[in-house]
Amino acid sequence: MKSVHIVAAASLATCAQAFVPVHQQQHVRSAPLSVSQLEPPTLAAAGSNSDDRTPLRQGSYVALITPMTPTGAIDLQQLRALLQFHLQAGTDGLCILGTTGEAAVMTMAERKSVLDVAVEEVKGKIPILVGTGTIDPEHVKEQTLQAIDCGCDASLVVTPYYVKPPQRALIKHFETMADLGLPVCIYNVPGRTGVDFLPENIAQVAGHPNIVAVKEATGDVSRVAQIQDACEKNGYKRDELLLLSGDDGTTDEFVIQGGHGCISVTANVAPSAMHQLMMAALKKDIDEVKRINAPLANLHQDEFIEANPIPIKWAVKRIGQIDCSYLRPPLDELAPEFQGTVESALRDAGLI
């Protein structure tokens with residue numbers, strides 16, 4: 001592993017490891033490109049958080065929901081409570097404003113309000129990874145620069161969806177976004193985007209000083225070895241990139257096979273269990289992995305009984321962490337006929 005700092009885990013004596021690539025260490029304190037170089041002056045903001053970023057690390061990141069009121073306004077008070085819930089439960093990292101957070105239907109002002117609360121509540125305690133990816137590269141830049149100015153630690157950039165860029169265009173896209181100065185976690189989820197960023201091409205961008213991680217959501221655990229083999233073939237270390245599973249049902253095996261953690265929907269309701277699962281998997285303690293994961297198996301499956309984040313938002317309400325499971329259109333609250341299934345999965349997991 002390129003370079004590792006030890007960070008105390010909240011709920012275990014075992015330590016989670018901060019993952020800081022050597023080439024990132026050389027650049028993390030350099031100022032990112034200024035907003036004025038890339039966007040109109042109206043987007044300019046105070047500037048750089050490069051001096052106080054928390055490096056991405058191993059473990060369980062929660063793909064956090066965004067709590068809302070019955071009228072669809074973002075409930076910042078409940079967001080604060082959720083963030084404290086995750087700190088206390090031992091969540092290793094925060095992934096905010098992703099698909100699960102309904103970021104696609106938020107304004108820039110709303111995004112800023114969410115990021116400001118996250119920074120106020122957890123900055124310096126756990127890494128803040130922010131979804132800034134979308135179909136239009138100019139919007140990706142705008143959202144990434146906002147994340148820098150708000151004080152976030154890294155960006156989660158999805159492959160541009162629907163338009164199906166060729167592999168050479170994906171390489172250019174990720175290098176361009178990494179040039180903005182914020183560490184980048186590549187998000188590969190072909191089931192949603194229609195394009196698969198292949199391991200050999202991920203390895204081509206692995207040497208960029210700000211490309212530090214991959215969220216791999218194909219559900220194919222062989223991708224761990226494929227990415228690591230490709231990195232090695234390109235002259236990098238096998239663990240040049242932090243590899244995070246984006247598929248709860250296969251996360252345990254993903255980490256046992258050499259991955260470093262997960263970005264988890266399940267962690268919204270079972271943060272402590274997901275943290276413990278990742279710690280056991282990192283230690284290759286197969287018996288402990290099975291013991292922790294068995295009660296979660298139905299939850300991993302049934303939280304996708306309708307499109308994410310519909311079921312998980314209902315589940316977070318059902319365990320009493322939020323008051324309302326409202327989702328903005330074009331999504332809707334969980335259909336009544338599926339509520340019993342999700343409730344049964346929560347019960348199996350010991351959460352109600």
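Description of the structure in this document. These numbers were taken from a predicted model, which means no experiment stands behind them.

Conventions we followed
Residues numbered from 1 in each chain as written. Predicted model: local features only at pLDDT ≥ 70, side-chain atom pairs only at ≥ 80, totals over all residues. Heavy atoms only, no water. Helix = DSSP H or I, 4+ residues; strand = E, 2+ residues; numbered from the N terminus. Buried < 20%, exposed > 50% of the residue type's maximum accessible area, 1.4 Å probe, protein only. Contact = heavy atoms within 4.5 Å. Areas by Shrake-Rupley, 256 points an atom, 1.4 Å probe, with all protein chains shown as cover. Salt bridge = Lys/Arg side-chain N within 4 Å of Asp/Glu carboxyl O. Pairing = 2+ DSSP bridges. Axes fitted to C-alpha atoms, helices over the stretch in contact; angles between N-to-C directions. Parallel < 35°, antiparallel > 145°, perpendicular 65-115°, else oblique. Left-handed = near helix turned anticlockwise from the far one by under 90°.

### What about the overall build of the protein chain?
Part 1 of the reasoning: Looking only at helices and strands, the protein chain has 15 helices and 10 strands in total.
Part 2 of the reasoning: Within the protein chain, the fraction of its 352 residues that count as buried is 56%.
Part 3 of the reasoning: Contacts in the protein chain between residues at least 24 apart in sequence constitute 72% of all its contacts with a sequence separation of at least 6.
Part 4 of the reasoning: When the accessible surface of the protein chain is totalled, it reaches about 13600 Å², and 51% of it is carbon and sulfur.

### Let's talk about the pattern of salt bridges
Part 1 of the reasoning: Enumeration over the complete set of coordinates arrives at 15 salt bridges.
Part 2 of the reasoning: In this structure, the salt-bridge partner of Lys-123 is Asp-153, at a minimum N-O distance of 2.9 Å. Of this pair, Lys-123 sits in the loop between helix 4 (108–122) and strand 5 (128–131) while Asp-153 sits in the loop between helix 5 (137–150) and strand 6 (154–158), placing them 30 residues apart in sequence.
Part 3 of the reasoning: Linking Arg-318 and Glu-343 is a salt bridge whose minimum nitrogen-to-oxygen distance equals 3.2 Å. Within this pair, whereas Arg-318 is found in helix 14 (residues 310–318), its partner Glu-343 is found in helix 15 (residues 336–348), the two being separated by 25 residues in sequence.
Part 4 of the reasoning: For Glu-343, a relative accessible area of 21% corresponds to the partly exposed category.

### Section: the sheet that holds strand 5
Part 1 of the reasoning: Strand order in the closed barrel formed by 8 strands is 3-4-5-6-7-8-9-10, with parallel pairing between adjacent strands. Along the sheet, successive strands turn relative to each other by an average axial angle of 25°, direction set aside.
Part 2 of the reasoning: With 2 bridges connecting them, strand 9 (residues 242–245) and strand 10 (residues 261–264) associate as parallel partners. By the bridge assignment for strand 10, Ser-245 is matched with Cys-262.
Part 3 of the reasoning: The sheet contacts of helix 4 involve strand 4 (93–96) and strand 5, and relative to strand 5 the element is tilted by about 170°.

### Looking at the packing of helix 5 against helix 6 (residues 167–178)
Part 1 of the reasoning: Where helix 5 meets helix 6, the axes come as close as 10 Å, and the angle between the chain directions of the two elements is 25°. Judged on the interaxial angle alone, helix 6 and helix 5 are roughly parallel. Considering only the axes of helix 5 and helix 6, their crossing is right-handed. On helix 6, the residues touching Pro-137, Val-140 and Lys-141 of helix 5 are His-173, Thr-176 and Met-177.

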